[in-house]
Amino acid sequence: QVQLVESGGGLVQAGGSLRLSCAASGRTFSSYAMGWFRQAPGKEREFVATISLSGGNTYSADSVKGRFTISRDVGQKTLYLQMNSLKPEDTAVYYCAAAFRVAPLSTVLAAARNYDYWGQGTQVTVSS
């Protein structure tokens, strides 16, 4: 029902910025909660940020608070992740995901297992 395609990754120096985009297609896009996750080599996939259906409420991991901002444009069916003050430890493949019929609770939305659809991922590399 939902297809997700990420873009915007690349190589950036520490302290720099990148803006990731996730284009969504398919029916009932507005009925899905969406989020960003990342996975570094040798590590498990971890939660980055999530946003409510309306875009009015967001949650983010402690490691990125104050640096990353998640947003969505429902009309354009696009999810964004603005990443500022990037650090080498932010290096990972970033994935956008969509969850259908999930409780709007941080504990639920922060768990990858609760998401139904995933993009292919986009590589973000931050050099020292």
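For the structure itself, look to the data block above.
Residues numbered from 1 in each chain as written. Predicted model: local features only at pLDDT ≥ 70, side-chain atom pairs only at ≥ 80, totals over all residues. Heavy atoms only, no water.

1. Regarding the overall build of the chain
Part 1 of the argument: The helix and strand tally for the chain stands at 1 helix and 11 strands.
Part 2 of the argument: For the chain, the spread of C-alpha atoms along the principal axes amounts to about 40 × 25 × 25 Å.
Part 3 of the argument: Evaluated residue by residue, the chain yields a buried proportion of 43% over its 128 residues.
Part 4 of the argument: Within the chain, contacts between residues separated by at least 24 positions form 60% of all contacts whose residues are at least 6 apart in sequence.
Part 5 of the argument: A total accessible area of about 6,500 Å² is found for the chain, and carbon and sulfur atoms account for 48% of it. (Helix = DSSP H or I, 4+ residues; strand = E, 2+ residues; numbered from the N terminus. Buried < 20%, exposed > 50% of the residue type's maximum accessible area, 1.4 Å probe, protein only. Contact = heavy atoms within 4.5 Å. Areas by Shrake-Rupley, 256 points an atom, 1.4 Å probe, with all protein chains shown as cover.)

2. Observations regarding the pattern of salt bridges
Part 1 of the argument: A full pass over the atoms with the stated rule returns 4 salt bridges.
Part 2 of the argument: Where Glu46 meets Arg38, a salt bridge forms, and the shortest distance between an N and an O atom there is 2.7 Å.
Part 3 of the argument: Salt-bridge contacts for Arg38 lead to Asp90; the nearest nitrogen and oxygen are separated by 2.9 Å. Linking Arg38 in strand β4 (residues 32-39) with Asp90 in the loop between β8 (78-83) and β9 (92-100), this pair joins segments that are 52 residues apart in sequence. (Salt bridge = Lys/Arg side-chain N within 4 Å of Asp/Glu carboxyl O.)

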